[in-house]
Amino acid sequence: MFQLMKSLGVDECCRFVDVVGLEGDQLSAVPKPCFALMLLFPLTQQHESFRQQQADKVAADADVYFLKQTAVNSCGTIALLHAVGNSKSKMTFASDSVLKKFLDETANMSPDDRAKHLENYKAILEAHNDVAAQGQCRPEEDKVNFHFIAFANVNGELYEFDGKMDGPVKHGATNDGSFIMDAARMCRGFMEREQGELRFSAVALCHS
C-alpha cells in the first residue's frame, strides 16, 4: 500500500498502517491523527441481505466525496479514493500527484460521472491493476469474493463508503480523537454478522 500511495503522489507523511485488531488496546497502536479506515471482508448472503436493509439510509451530502464502483475488481481502488478523497484537506501531495489531480477534476461531478472518469484515467487504472494483481477483490479458491469499503470522518460525522451502494451511509458524530474507535465499532458489526468468519482485515490512513 505504501508503494501504491507513493506512485499516486501522496506525501510520505500520510500512510496506511495495518490495524492488528479492533479492540481498545489494539487500536491504541494506530498512529494519530487517523483520517480513514479501510475494511476488507468476504461478500456473503448475510452481507447482501444487510445491504438491502441499508438502502434507505444513504445520505445525500454535498460535502462528501463518493463515487460508484463500475470497473471489475476495483473495490480496493474505490475504497482508497473514498479514504483519500474525504481526507484531502488533511493530507499533503506531490505537485504532480495524479491522485490529487483526479480528485480535483472530479470534485464537482456526480458519483456516476466520477466512475466514468475513472474508467478512462490511465494513471489511476495502472495503480488499480497493481492492486488487483495482488488478489484483492478477487474470489479465492472456494469462490468467495472479497470487498473493500472505507470509513472517514467528514466534518465531524462518521461516514461509510461502499462503491456498490448508491451513496455513503452516515453513522453519527465522531471527532479526531474518537474516530478510530468509532470506525472500529462499525467494523465489529460486520464481523458479528458473519458468525465464525475470520477473514477480515483493516488498514488505517494516518499522519505519521
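All values reported here derive from a predicted model rather than from experimental measurement. (Residues numbered from 1 in each chain as written. Predicted model: local features only at pLDDT ≥ 70, side-chain atom pairs only at ≥ 80, totals over all residues. Heavy atoms only, no water.)

## What about the environment of Tyr121?
Counting through the fold element by element, Tyr121 comes out in the loop between helix H6 (111–119) and helix H7 (122–133). Placed 23 residues apart in sequence, Tyr121 and Val98 show a C-alpha to C-alpha distance of 9.4 Å. Residues within four places of Tyr121 in sequence aside, it is in contact with Val98, Lys101, Phe102 and Glu105. (Helix = DSSP H or I, 4+ residues; strand = E, 2+ residues; numbered from the N terminus. Contact = heavy atoms within 4.5 Å.)

## A look at the side chain of Asp182
Locating Asp182 in the fold gives a position in helix H8 (residues 179–193). The class of Asp182 is buried, set by a relative accessible area of 11%. A distance of 2.8 Å separates the side chain of Asp182 from the side chain of Ser178, its partner in a polar contact. Side chain to side chain, Asp182 and Arg185 meet in a polar contact 3.2 Å long. If near-sequence neighbours (up to four positions away) are discounted, Asp182 is found in contact with Leu158, Ala173, Thr174 and Asn175. (Buried < 20%, exposed > 50% of the residue type's maximum accessible area, 1.4 Å probe, protein only. Polar contact = N/O pair within 3.5 Å; in protein donor to acceptor, adjacent residues only side chain to side chain.)

None of this, on its own, says anything about what the molecule does.
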